[in-house]
Amino acid sequence: MDKDNVDTVNTKSKGSILVICAHSDDQIIGPGGTIAKYAKEGYDVYTIILSFGEFVQPHVKREIISKTRIKESQKADKIIGGKGVVFMGLKENKFEKDLHERGLEKNFKNLIRKYKPVKIFTHAPDDALNDHRATYRMVLKTYKEMNLRADLYTFDVWHLFNLKKRYRPKFVVDTTDTFKIKMKALRVFKSQIDLSTFYNYLVLNNFLFILINIRDLLKGISNNTKYAEVFHKVR
Ligand SMILES: [Zn+2]
């Protein structure tokens, strides 16, 4: 695990907020505007990223990807005003199994204990991606085992136009003032897209930005703000 860039918890802050996600750009795509807002308000925001996301570029060596991902997420974290990013390095599509087999449950719990979050943000249980759902299960299981009291919220990543009924209470954050910061942070993640074909890069990259813009704008419109991020409260 990479712990070098994590500051010690500042006891004079308003409290700490923890984002737990599967890949290195999920924390920006999902709650980016919200965590930037909390950071501005004086909260310490920490992020735990479960994998390095090697599957995007199977032909590039694991170490190279890991290094790039760490650098990118540290850069994005600085932009949003976060206090640090930790990578667990779990195998994709095998998060729970890998955590257990490598005996990392303790490390995961110790990290949460160290940060003492007042709020935790993680993936939604019905996200389209397998690893996002596994992240939710891991977080909920750990939350219960540790008897945590923090507010637990879920965010959508690949669930852009969700029509399903959600019975859980909604938590809407007006991100109008931090939407630009979110977009700036998102632009840091160049390695998620295969750079070997410039055309793909151009198309995919812009497509992602447009989608996120539309999504946050629509959420804003339906909540009487310009931009918004919407979460569901689990605990
Ligand atoms: Zn992801």
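Our structure is the block above this text.
Since this is a predicted model, take the numbers as computed values, not measurements.

(A) Examining the nonpolar core more closely. One finds L18, I20, I35, A39, V45, I48 and I80 to be the most contacted residues of the largest nonpolar core, which totals 54 residues. For this core, the element with the highest residue contribution is strand β1 (residues 16-21), accounting for five residues. For I35, the contacting residues outside a window of four places in its chain are I17, V19, Q27, V45, I80 and G82.

(B) Representation of the sheet that holds strand β5 (residues 151-155). Spatial strand order, β3-β2-β1-β4-β5-β7-β6: seven strands in an open sheet with mixed pairing. With one partner strand each, in any of the chains shown, β3 (84-87) and β6 (170-174) form the two edges of the open sheet. On average, adjacent strands in this sheet sit at an angle of 25° to one another, irrespective of strand direction. Bridging between strand β2 (residues 44-49) and β3 involves four bridges; their strand directions are parallel. Bridged to T47 within β3 is V85. Sitting on the sheet, helix α6 (residues 130-145) is in contact with β1, β4 (117-123) and β5, with an inclination near 150° to β4.

(C) Spotlight on the environment of I35. Note that I35 resides in helix α2 (residues 32-41). By C-beta crowding, I35 is classed as buried, having 32 other C-beta atoms within 10 Å.

(D) Looking closely at α6. The end-to-end C-alpha distance of α6 is 23 Å, a good match for the 22 Å that 16 residues give at a rise of 1.5 Å each. All of the buried residues along α6 are D131, H132, A134, T135, Y136, M138 and V139. A positive phi of about 55° marks N147, the residue just after α6.

(E) Representation of helix α5 (residues 105-115). Looking only at α5, the buried set comprises F108, L111, I112 and Y115. The arc that holds every buried residue of α5, seen down its axis, measures 95°, which confines them to one face. Projecting away from the buried face of α5 at angles above 90 degrees are the exposed residues K106, N110 and R113. Note on α5: the residue one or two positions beyond its end, K116, has a positive phi of about 45°.

(F) Spatial organisation of the packing of α2 against helix α7 (residues 179-186). Direction vectors running N to C along α2 and α7 enclose 115°, while the axes themselves pass 8 Å from each other. Pair α2 / α7 crosses with right-handed handedness. Judged by residue contacts, G32, G33 and A36 of α2 engage F179, I181, K182, A185 and L186 from α7. Its residues placed into classes, the contact of α2 with α7 shows five nonpolar, two polar and one charged.

Cut-offs and rules
Residues numbered from 1 in each chain as written. Predicted model: local features only at pLDDT ≥ 70, side-chain atom pairs only at ≥ 80, totals over all residues. Core = buried A, V, L, I, M, F, W, Y, C linked by C-beta atoms within 7 Å. Buried ≥ 20, exposed ≤ 12 C-beta atoms within 10 Å, placed from the backbone. Helix = DSSP H or I, 4+ residues; strand = E, 2+ residues; numbered from the N terminus. Contact = placed C-beta atoms within 7 Å. Pairing = 2+ DSSP bridges. Axes fitted to C-alpha atoms, helices over the stretch in contact; angles between N-to-C directions. Expected span 1.5 Å × (residues − 1). Arc of directions from axis to C-beta. Left-handed = near helix turned anticlockwise from the far one by under 90°. Nonpolar A, V, L, I, M, F, W, Y, C, P; charged D, E, K, R; others polar.

Remember that the coordinates give geometry; whether it matters functionally is a separate question.
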